[in-house]
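Structural description and commentary
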Amino acid sequence: MKTLLLKVNPHFPDPKKIQPAADIIRHGGLVAFPTETVYGLGADAFNGDAILRLFEAKKRPLDNPPIIHIANTNEVYPLVMQVSQKAERLMEQFWPGPLTIIFKHSSDVPKETVAGLDTIAIRIPKHKVAQTLLRQTKHPIAAPSANLSGKPSPTTVQHVLEDLNGRIDAAIDGGDTDIGVESTVIDLSVDPPILLRPGGTPYEALKAVMADLKLHPFVQTEIELPIEKALSPGMKHKHYAPKAEIIIVEGNPQAVTAKISALTKSFKQKGHRIGVLATNETQTAYQADIVKSLGSRSNLASVAQNLFRLLREVDAEGIDVIFAEGVPTEGMGLAVMNRLRKASGYHIIKAE
């Protein structure tokens, strides 16, 4: 298969340039497209065969549900059994944007679209290219991240093509994504509601409008938890991981810097090529083969924006082991640490 590349202006997307992608999705094909979080791989949410093709293209486990993207709130109601007052409040305040809400789904939704679950995950993306594609397609689009399953999520079309060129019908190049990590996922099919995946909408912002919101233990865990059913992407299977081994070092910045420096020296003596994911404040302290800064500790949104791109860049240098600094778990830091811990297989060292 030859993957068609469609380049559009991310701020003023021309519907005519996006129309071929909409036609492909309507006819059962697969199209990668930018959202404000990461690039998604879209298929018609009502076409079970297309959904199975999507899983196959990504090599995605069939029990890992995709998120359904819609153009406006009116499209929620046919997909779900009920929209509660809590859901209405979240939809009004946070949509369009990087928040996914889980509902009990209606009988109209194909079982392939929800990975056999009785729930459905839905969001309205804010990105203008994604919004234009949804309006042109005139159908809800099932869209997990546009990467091979388990690898870091794509934040540029180049990342998409590294993984999926020749495996999908088309990719829309809308430039770099803004947020850099996936949407936050809240389960409203249960009471009290549970945050299943931290992401582009910070927990603190959601807690301010929903006082009874709980964090699933998975969100902050420092060990691998057994997950029977993956109600949200990112929970059950290997995610976000480069080829290199990742070791996270957590603690106060001074102790972390000293620990990573000692580990780097030790591992290099054993013949390993070492990469370090540092922060602006500590970048010059390391003597590794590759040192890259995720961003400033005072701006965790920038760290989130750079995370997946830098994991891919370090991997491209043929690194054996990546030491990554832990960051505070406030604001966007919660999503960053959730992704890093998962990517490392929970290989965490505490610096004293």
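Residues numbered from 1 in each chain as written. Predicted model: local features only at pLDDT ≥ 70, side-chain atom pairs only at ≥ 80, totals over all residues. Heavy atoms only, no water.

Within this structure, the stated rule accounts for one aromatic pair. Measuring from ring centre to ring centre gives 5.3 Å for Phe267 and Phe323, while their planes differ by 90°; the resulting arrangement is edge-to-face. Within this pair, whereas Phe267 is found in helix α8 (residues 253–269), its partner Phe323 is found in strand β15 (residues 321–325), the two being separated by 56 residues in sequence. Its guanidinium or amino end placed over the ring of Phe12, Lys128 lies 5.6 Å from that ring's centre, counting from NZ or CZ. (Phe/Tyr/Trp six-rings, centres within 6.5 Å; stacked < 30°, edge-to-face > 60°. Helix = DSSP H or I, 4+ residues; strand = E, 2+ residues; numbered from the N terminus. Lys NZ or Arg CZ within 6 Å of the ring centre and 35° of its normal.)

Turning our attention to the packing of helix α1 (residues 15–26) against helix α4 (residues 128–137). Relative orientation of the contacting elements α1 and α4 amounts to 55°, with a least axis distance of 8 Å. As judged from the angle between their axes, α1 and α4 are oblique. In the packing of α1 onto α4, the handedness of the crossing is right-handed. Residues Pro15, Ile18, Gln19, Ala21, Ala22, Ile25 and Arg26 of α1 lie in contact with α4, whose contacting residues are Val129, Thr132, Leu133, Gln136 and Thr137. (Axes fitted to C-alpha atoms, helices over the stretch in contact; angles between N-to-C directions. Parallel < 35°, antiparallel > 145°, perpendicular 65-115°, else oblique. Left-handed = near helix turned anticlockwise from the far one by under 90°. Contact = heavy atoms within 4.5 Å.)

Turning to the pattern of salt bridges, a few remarks are in order. In the structure shown here, the tally under the stated rule is 21 salt bridges. Among the salt bridges present, the one from Lys104 reaches Asp118, with a minimum N-O distance of 2.8 Å. Of this pair, Lys104 sits in strand β5 (residues 99–104) while Asp118 sits in the loop between β5 and β6 (119–123), and the two are 14 residues apart along the sequence. With relative accessibility at 33%, the residue Lys104 sits in the partly exposed group. Taken together, the salt bridges that share partners define one network made up of Lys151, Glu162, Asp163 and Arg312. (Salt bridge = Lys/Arg side-chain N within 4 Å of Asp/Glu carboxyl O. Buried < 20%, exposed > 50% of the residue type's maximum accessible area, 1.4 Å probe, protein only.)

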